[in-house]
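Take a look at the letters that make up each chain.
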Amino acid sequence: MKVSSGQQRFFIGHTDKVSALALNARSSLLASAQTGTHCMVRLWNYSKGQCLTLIKTHTHSLNTLSFSYNGGVLCGVGKDNHNKTMVVVWNTQRVAKAGGVTVMAKAHTDVDIQNMKIAFFDDTRMVSCGVGNIRLWRVRGASLRSCPVDLGQYHSLEFTDLAFELGHSPDRQPDDRTLFASSKSGHILDIDYVSVAIKNVRRLLPAQQNHSQRREKQTFSTGPGIAVNSISLCGAFCATGSEDGFLRLWPLDFSSVLLEAEHEGPVSFVSVSSDGLSVLAATSTGNLGYLDVTSHGYRTLMRSHTAAVLGFSVDGIRRQITTASRDCTIRVWAIDSAQQLYDFVSDEDDDAPCSVAFHPNLPVFACGSSSGTVRVFDIPTSSLLAQHRQHRGAVVGLLFSPDGQHLYSAGSQGYLALYNASQPEYHVLRVLGNVVARGTDRGPGALAVSSDSHCLAFVGPTEYTVTIMDAHSLDELLRVDVSVLDVESTTLDSALKVCFSPSSLSHLLITTSANKILWINRNTGRLLREVSEVHKHQCASLAVSEDGRYLLTAGHNAVKVWDYNMKLDVNSQVFIGHSEAITQVSFTPDQMGVVSVGDAIFFWDFLAHPQEAASCSLSSPTAVTSPPRAGKGLDGSLSNTAVPKELGVLEFNRMSSNGMPRQMPPRPSSSLPIQDVSSIQNTKYEVASSHLSDDDADDDEELQPASNHSPTPKHASFLRVTERAAAGNSVTVLSSSIRVVENREDLKPVRPDCYKHFTPRYKTSVLDKSTVIPPPEQEGLSLKAVVGYNGNGRNNMVWNPDTGLFVYSCGCAIVVENLHSGFQRHWLGHSEEISTLAVTHDAQIVASASRGGASSKSLICIWNVQDGSCRNNVSYHKGSVQSLAFSRDDLYFLSVGDFEESVVALWSTRSFELLCAVSVSVPVHEAVFCPSSANQLAFTGSNTVFFCYIHTRGRGAELQVQKVTVPEKIGEAEVTSLCYNTNSILYTGTNSGLVCAWDCETHHCFMTWEADEGEIGVLRSRGNRLVTGSNTKKLRLWSIAAVQNIRPSNSDTTVQQDRNARVLLEQEMLLDGTVVGMAFDDVMDMGIVGTTAGTLWYVNWADCTSIRLISGHKSKVNGVVCSPDEHHFVTCGQDGSVRVWALPSNELLVQFQVLNQSCECVCWNRPVDAHEPGADVCVAGGYSDGSVRIFSVESAEMELKLQPQHSSVCALQYSHHGQVLLSGGQDGVLTVSSPFTGTTLRIINDHKGAPITTINCISKQYKEFGLEGNDLWLAVSADRRVSIWAADWTKDKCELLDWLTFPAPSLPEAAENVPPSLAAFSPTERGVVVYTGYAAEKELTFYCLKKKQVLRTISLTDWALSLSLCFTGRLLAVGSNQRVLKLIDSSSGRFQDFMWHSDAVHLCSFSPSGTKLFTTAHSEVFLWTLRGL
């Protein structure tokens, strides 16, 4: 490949892997060695690419080749048939003149030889090195002799490479020069070549940082040295490639490092150009690049997979290809440039990718793994769209339909799954068992779909049959038994692969184990044609061109192009080039190219266009090598391509399949029954960022202005009633690109082993971005209070003791609360869960951050504390924002990306522009500014502490970063937290419970102590006090006065005096959860601490007290109801708690806890005589074990426990007058119980079989509706049935008044997405029932009990998840899965939307007076004040 243009040339001839290369100094001769059973050496004319001669060797492998300076002598080292090392020297002087190559000398040796080179000053002299030896060789006559160098004490070292000193002095003999030898231990030996003696020994050691931050290497130490793999010299410097991934340039005395470049893997080879201006470097992970010595720039030329490529898929629109490999990576490449665009990595061997498929229209691809998981990724955002695990074994087939409507997956255990690809959730439509032939040998192309998207074909249910199904429903259409098609065969023939021809031909092609291809009519199953002996080995893959003229097949390491109709004298052409078995071959979507994969990725030009004859079909412009490791774009050389003589010699086209030359070079950067298991629920997983990572382009990233994701549509304020009978601007434009300090290539997004990192709670709800909120001062609802604190956030609470500012987050809402009055203000600007907060030191600005959606970046909002306005919005990070911090002078603030990105960004608080960004190779946990210096800061990541300094340049700034690793005695620990002290000491905490003290001037860790048994996630320090918070729920106060005296910067006397000084544990508190955030005053006497239990505690160390300030649910809230007197409201949750809150203070009064149960519903009692003095106020809760517990609010005790249900209690309600308690179970049974004795009075089985979703009670006139009784109640079940009952409980009367069944279309396969059936009596329209649920239309239905008919319907924009009717004003509230709360006027259809919840609004409940509305979304509880529409 020509470096400047990226043009590739191919040297064709080898039939097995190439193990060694050598080029003479004038670049006229190239030698290449082939390994394997037919080991040989080929000599090439380098400029013409012609093979001059072939040298057969008597070795079975050659690992080293070396040319003399002029190319007249070639030396090779390999193993003979007895596995003994053999050295051969050939005379190659006459090879250019069509002369032969003769053996000058050869020798066998018992010593290990890892490298051997011919001396540039004498063609008869060589040097070699290996384990425990360095030898000098010389050819005399026909013999080859050697002598060892006396290594003395270094006789046990492993030597890796050799290099001669360059240059010539007239007063010295040509051989009077130094020989340099490198070793795995870091020793560099200077050897006098004439005297064969060691002159000097140096040892290269890891970098030591001194005060001036200058990198230097020392010569000797007892510590480990730098393992050097390769060495190369020029007249000015020496280049080394080492195991630590560094290419380093040294002066010839190795006194210091002149220049270094870090790679992602060990550097295995280096070579300095003849002019000394460039240094080539190759790594064992497959990267090839060069360093420009003058400009200090580094360019990666080539990358590759590190193991065999299993499969691929091509995106014809964006001209991209994605590949899956055994190296557990999925890579996305640009076809035209062979540049790698993205790299997705799996960290688990049992979850390795094994099949991939591009969406035909969208920049989306699906991946199937060995664990049976199917994941769908959005490429531009590098986000996980969907994840399903319908297979127990590996995914052996994965395919999108050509119309993009469906996705199919096949598993090695016989399962076949159909997904809806038209929706971003990719819901499972159907799953069939025992339909696909078992085993993994048919992967990754086990499925085939017709070009019209009508038919799906695969081998199964046995290996002898092929099944064709309807691609939309998976209904079987045809089954073909291939074992009976050849009646003369003595063995059963099995099917291997299937492929559809273009729809116009209606053919299905099948390859078999007998090495045949069968043409089958896909409609009738009739055998049309049969071709035998397709390949020497079984056919692994096949594909048909769109015009139906050509057929591609792959067998072992050969590709064949066939005339599809088989009407020519010679029906196929053979193309070789792969050194291992080909796993897949296919045409590109434009039909101008062919892609084949196996040991490598090969891009071929397909030269037989539709108007041309079927001659000269393929050329190979690009070969993307597979072993070694890949990276961001890569070209390789086609190792061997040939065709039979009767077909002619192919001309190799140097053009890509788009017909244009590449302008830029590649850049880095017996059968079982079918089981329909569609009803199996999908297992929900959080988006695991540990799986997967993407790589962007190598160029420095340039941020573009972010588009406004919430355009304001026309305001729609009315819903259709059928009678029957805005946001802040995003400022992210940068004047220049952002300089990335550290290499961002190939970072694996592995979640670190610590709780410190923020992980957004998994949600299935989808935000409706088209929702229009009502204008200010015209809202029908105003948010009055938010109940709860999001304990899932990290440092998402700020408190300023001087001003009293107290801010925390709950979901996507920011709460500003007055600690004295409890009055709340709310800042509403985020649409996703807020991860962290920060406040300026003058308490005038607060910054908040939340993760962006699937297609947007994270959002950072800047708030003005005085008026609560949003001053600005900025976006940069791709994932969540882990940490925010303001500088001491409030001129800068930092934002830290989470483990998926690991980027620290520095912003200006004046212009809100991004000044610079630093990307590091480890996950960053937290960043803080130094309180005594505005331009000094630090951040932590894994076992590393980064000390940073801000250097201003005019209006810009940059970060100078110094990386320091924690002491070895700490071990492999995550540094999870940090804080500065005012005396230039930095304290860090680890996930193993250690606290380290660092000197900020020397960046030295001078003290550690065990501060906790668990992970320390939060640190705060002032003066001589330090507070630690951990996941053991402990908050500890430490006296650290002695730390200052232990610092090495003090005098030696002081150190000796205070050597026994220790930090002291003053106090300890045990809280209710893991500590995630805290703020203290300047003297550390009092503070506020947040825990994962959703509690904010006031802590007073002086009194040793802790008081709950804010309390909320940690798990999902299952019920919220206001008390009849509106003095309280009650909530219940999945954690088994029932909590009673006071109104209007919203303080938690009492909590009733039941362990190991979930409280599913809750209600207030209605005293038989509410005016009776001393009437006890009680709440009843229904639990998942079928029990009901009644609690007294006044005594805070349980009064009665009932067991009305055998299954979970889904609905619970007191009768209107309080005489009985009605409960509905998961099994559909309704039970009437006495709340006084607990006895069961009546059991109603009318709804049995479907869960009860709602019970609602009102009063009625005694003989109203023709039935006696003063109670009217209804029950709703999930099967859309509503029963209305009239009751007189004093007379034990209960009669059915009406039975309603609402029609609906057939249920979708994904039953979990069916909306609930909900109903309630209208409090303002007598005798009217309001119903909503799954139906043909999304609507509210108003049914009149007197007229026995539907009065009207109100259309909805989304299915209702919750429903509540206001007792005044004919208003109702509806919550949806789109996170929208809708307030509707039931008479006119007028409505308003409110969208401040961060998840689906699954509960809403009006207070009895109708002045308040309670809504919940997961654990968030919002209290609204009703203004009216």
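Coordinates for the structure precede this section.
As the structure is a prediction and not an experimental result, all values here were calculated from the model. (Residues numbered from 1 in each chain as written. Predicted model: local features only at pLDDT ≥ 70, side-chain atom pairs only at ≥ 80, totals over all residues. Heavy atoms only, no water.)

(A) Quick look at the packing of aromatic side chains. With the rule as written, the count across this model stands at 38 aromatic pairs. A ring pair is formed by Trp250 and Phe254, whose centres lie 5.7 Å apart and whose planes are at 45°; its orientation type is tilted. When the ring of Phe1302 is compared with that of Tyr1331, the centres are 3.8 Å apart and the planes differ by 5°; the resulting orientation is stacked. Of this pair, Phe1302 sits in the loop between β101 (1293–1301) and β102 (1318–1321) while Tyr1331 sits in strand β103 (residues 1328–1332), placing them 29 residues apart in sequence. (Phe/Tyr/Trp six-rings, centres within 6.5 Å; stacked < 30°, edge-to-face > 60°. Helix = DSSP H or I, 4+ residues; strand = E, 2+ residues; numbered from the N terminus.)

(B) How the structure looks around the pairing of strand β21 (residues 246–250). Buried residues dominate β21, accounting for 5 of its 5 residues. The side-chain alternation of β21 yields two buried faces, one formed by Phe246, Arg248 and Trp250 and the other by Leu247 and Leu249. Counting the residues between successive antiparallel strands, the hairpin from strand β20 (residues 238–242) to β21 contains 3 residues, one of them, Gly245, with a positive phi of roughly 90°. Both β21 and strand β22 (residues 259–262) contribute to a ladder of 4 bridges, which runs antiparallel. Across the sheet, residue Leu247 finds its bridge partner in β22, namely Ala261. (Buried < 20%, exposed > 50% of the residue type's maximum accessible area, 1.4 Å probe, protein only. Pairing = 2+ DSSP bridges.)

(C) Representation of the nonpolar core in the model. Ranked by internal contacts, the top residues of the largest apolar core, which has 30 residues, are Leu781, Met797, Phe806, Tyr808, Leu1096, Leu1413 and Trp1424. Leaving out residues up to four positions away in the same chain, Leu1413 has contacts with Leu781, Ala1373, Leu1381, Cys1404, Ser1405, Phe1406, Phe1422, Leu1423 and Trp1424. Counting 21 residues, the second-largest nonpolar core is a separate cluster that includes Leu894, Leu915, Val918 and Phe939. (Core = buried A, V, L, I, M, F, W, Y, C linked by side-chain atoms within 4.5 Å. Contact = heavy atoms within 4.5 Å.)

(D) Inspection of the side chain of Arg1352 at higher detail. Position of Arg1352 among the secondary structure elements: in strand β105 (residues 1349–1355). With a relative accessible area of 5%, Arg1352 lands in the buried category. Within the structure, Arg1352 has its side chain in polar contact with the backbone oxygen of Ser1386 (distance 3.0 Å). (Polar contact = N/O pair within 3.5 Å; in protein donor to acceptor, adjacent residues only side chain to side chain.)

(E) The arrangement of unusual backbone geometry in detail. That bond from Gly443 to Pro444 is cis: its omega, 0°, falls within 30 degrees of zero. Along the chain, Pro444 turns up in the loop between β38 (428–433) and β39 (447–449). In this model, Leu1143 is joined to Pro1144 through a cis peptide bond whose omega is 10°.

(F) Layout of the sheet that holds strand β79 (residues 1025–1030). The strand order across the open sheet built from 4 strands is β78-β79-β80-β81, with neighbouring strands paired in antiparallel fashion. Lying at the two open borders of the sheet, with one neighbouring strand each, are β78 (1016–1022) and β81 (1064–1070). Averaged over neighbouring strand pairs, the angle between their axes works out to 20° when direction is ignored. Inspection of the sheet shows strand β80 (residues 1034–1039) paired to β81 by 6 bridges, in the antiparallel sense. (Axes fitted to C-alpha atoms, helices over the stretch in contact; angles between N-to-C directions.)

(G) Region of interest: the state of the cysteines. By the definition in use, this model includes 0 disulfides. The thiol of Cys1210 is not disulfide-bonded; the next cysteine sulfur, from Cys1161, is found 7.2 Å away. A relative accessible area of 22% places Cys1210 in the partly exposed class. In this model Cys1257 remains outside any disulfide bridge; the closest cysteine sulfur is found in Cys1163, 9.0 Å from its own. Assessed through its relative accessible area of 7%, Cys1257 is described here as buried. (Disulfide = S-S within 2.5 Å.)

(H) Expanded view of the pattern of salt bridges. For the structure shown, the criterion picks out 44 salt bridges. Note that Glu1013 and Lys1034 form a salt bridge whose closest N and O atoms lie 3.2 Å from each other. Pair noted here: Glu1013 is in the loop between β77 (1004–1010) and β78 and Lys1034 is in strand β80, with a separation of 21 residues, a long-range link. Residue class for Glu1013 comes out exposed when judged on its relative accessible area of 52%. Note that Asp1393 and Lys1382 form a salt bridge whose closest N and O atoms lie 2.8 Å from each other. You can see Asp1393 sitting in strand β109 (residues 1391–1394) and its partner Lys1382 sitting in strand β108 (residues 1381–1385), a full 11 residues away along the chain. Residues Asp1393 and Lys1382 agree in their burial class; the two are buried. A single salt-bridge network, built from bridges that share partners, covers Glu1013, Lys1034, Arg1036 and Glu1068. (Salt bridge = Lys/Arg side-chain N within 4 Å of Asp/Glu carboxyl O.)

(I) A look at the side chain of Ser835. Tracing the chain through its elements places Ser835 in strand β62 (residues 834–839). Its relative accessible area of 1% is what places Ser835 among the buried residues. At a separation of 2.7 Å, a polar atom in the side chain of Ser835 contacts the main-chain carbonyl oxygen of Val881. Apart from residues lying up to four places away in sequence, Ser835 is in contact with Phe758, Gly793, Arg794, Asn796, Ala849, Ser850 and Val881.

(J) Main features of the sheet that holds strand β9 (residues 115–118). Pairing is antiparallel across the open sheet formed by 4 strands, whose spatial order is β9-β10-β11-β12. Two strands bound the open sheet, and with one partner strand each, they are β9 and β12 (143–148). Each neighbouring strand pair of the sheet contributes to a mean axis angle of 25°, computed without reference to strand direction.

(K) Spatial organisation of the environment of Val585. Residue placement: Val585 occurs in strand β51 (residues 584–587). A relative accessible area of 2% means that Val585 is categorised as buried.

(L) A look at the environment of Arg1025. By the secondary structure assignment, Arg1025 is in strand β79. Arg1025 sits 13 residues away from Trp1038 along the chain, and the two C-alpha atoms are 5.6 Å apart. Aside from chain neighbours lying at most four places away, what touches Arg1025 is Arg1020, Leu1037, Trp1038, Ile1040, Glu1066, Val1083, Met1084 and Asp1085. Separated by 3.1 Å, the side chain of Arg1025 and the backbone oxygen of Met1084 make a polar contact.

(M) View of the environment of Asp351. Assignment of secondary structure puts Asp351 in the loop between β30 (340–345) and β31 (353–358). We classify Asp351 as buried; its relative accessible area is 8%. At 2.5 Å, the side chain of Asp351 and the side chain of Ser371 are in polar contact.

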